[in-house]
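Chain and residue survey
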Amino acid sequence: MQIKGVTAVVTGGANGIGKALAQALHQRGAARVIVADLDGDKAQAVAQQIGGQGVGLDVRDGDAMGAMIDQIEADHGPIGLFCSNAGVLMGLDDSLTTSVNASDAEWQTSWEINVMAHVHAARHLVPRMQARGGGYFLNTVSAAGVLNQIGCAVYGTTKHAAIGFAENLAFTHRDGGIRVSVLCPQAVQTAMIEGTGGGGSAGLDGILSPQDVANCALDGVEAERFLILPHPQVAGYMEHKLADYDRWLGGMAKLQRMLREGQA
Ligand SMILES: NC(=O)c1ccc[n+]([C@@H]2O[C@H](COP(=O)([O-])OP(=O)(O)OC[C@H]3O[C@@H](n4cnc5c(N)ncnc54)[C@H](O)[C@@H]3O)[C@@H](O)[C@H]2O)c1
């Protein structure tokens, strides 16, 4: 799709990858960028720098998401690109010894932000996009959505679910002109990886800047590619996983052991 001239929304746009996406959209000539975030003041500050609009939004609230979409389309016309980017990393197992440490509250919050927020956006926008012949969703997921996450079963599981929803959205509405991309980086230098010791296993292939990840994401959107991998190594890991699942699980167990013993 052509980014120049589009009206775009970025959730979780006050910080990190979302902020970089909003800035990159502006640099590539988006007509209007709406920055939505739980932190409405910071969203407004980011929006102000790029002539956009900042909105306070909790992506867990489907009604609030619908009201925001209604208001944006009333004010600025059709949303051409919706970037579901807000996400959380919680329920970490620092000891790297268990998959069952996280609380129900951590599972529930992660499910609502990492998965249901994408559903809420699509639920409100798909009928509109279909009626006008198309539209685009860029969902920030993670390499954890295709390779899982050592030390965080909650994150690995909810990010897999986000991939599942995006795939379904992409093939079900393809004939209606709707296109979907999933952005799946490994470690990115944002607040999310602070205190994780360089991103843990996700940092082993290097930590990218949010700006590089945002530019890679928009290149992928312009090329209408479903799977966007800012760390190209991820494609190889996916091939290994599909070629021999049991061997891949053995490799992951070994890597987890090495990380636990401080050898990786
Ligand atoms: N940083 C990484 O290494 C990395 C790697 C792969 C994928 N990701 C994904 O990238 C996305 C962005 O993460 P980031 O690294 O920029 O993190 P970040 O913590 O810097 O930014 C996340 C933003 O989301 C907002 N947010 C959180 N909960 C919200 C809610 N309920 N409603 C609205 N906004 C909310 C926060 O206020 C924050 O501005 C996430 O989906 C994350 O899972 C990050």
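Just above, that's the structure.
About the cut-offs
Residues numbered from 1 in each chain as written. Predicted model: local features only at pLDDT ≥ 70, side-chain atom pairs only at ≥ 80, totals over all residues. Pairing = 2+ DSSP bridges. Helix = DSSP H or I, 4+ residues; strand = E, 2+ residues; numbered from the N terminus. Contact = placed C-beta atoms within 7 Å. Axes fitted to C-alpha atoms, helices over the stretch in contact; angles between N-to-C directions. Buried ≥ 20, exposed ≤ 12 C-beta atoms within 10 Å, placed from the backbone. Right-handed = clockwise from strand over helix to strand, strands pointing away. Expected span 1.5 Å × (residues − 1).

Quick notes on the sheet that holds strand 7 (residues 227-228)
Taking strand neighbours across the sheet as the criterion, the 7 strands line up as 3-2-1-4-5-6-7 in an open arrangement whose pairing is parallel. Lying at the two open borders of the sheet, with one neighbouring strand each, are strand 3 (53-56) and strand 7. Pairing of strand 1 (residues 7-11) with strand 2 (residues 32-37), which is carried by 5 bridges, proceeds in the parallel orientation. Each bridged residue has a counterpart across the sheet, and for Val9 the counterpart in strand 2 is Ile34. This element, helix 1 (residues 16-27), spans strand 1, strand 2, strand 4 (81-84) and strand 5 (135-140) of the sheet and lies at about 170° to strand 1.

Comments concerning the pairing of strand 6 (residues 178-183)
Burial runs high along strand 6: 6 of the 6 residues are buried. Both faces of strand 6 are covered, namely the face carrying Ile178, Val180 and Val182 and the face carrying Arg179, Ser181 and Leu183. Sheet topology note: the strand 5/strand 6 ladder contains 6 bridges and is parallel. Bridge pairing in strand 6 places Leu138 opposite Ser181. One ladder, built from 2 bridges, connects strand 6 with strand 7; its direction is parallel. The residue bridging Val182 from the neighbouring strand is Leu227, located in strand 7.

Description of the pairing of strand 4
Side chains Leu81 and Cys83 of strand 4 all project onto a buried face; the interleaved residues Phe82 and Ser84 project onto the opposite face, where all are buried too. Relative to strand 4, strand 1 is paired through 3 bridges, and the arrangement is parallel. Across the sheet, residue Ala8 finds its bridge partner in strand 4, namely Leu81. Two strands pair when backbone bridges link them, and strand 4 and strand 5 are joined in this way by 4 bridges, in the parallel orientation. The residue bridging Ser84 from the neighbouring strand is Asn139, located in strand 5. The parallel pair strand 4 and strand 5, bridged by helix 4 (residues 104-131), forms a crossover whose chirality is right-handed.

Some words on helix 9 (residues 245-260)
With 16 residues, helix 9 should reach 22 Å at 1.5 Å per residue; the first-to-last C-alpha distance of 22 Å fits that figure. With respect to burial, helix 9 is a largely exposed element, only 0 of its 16 residues being buried.

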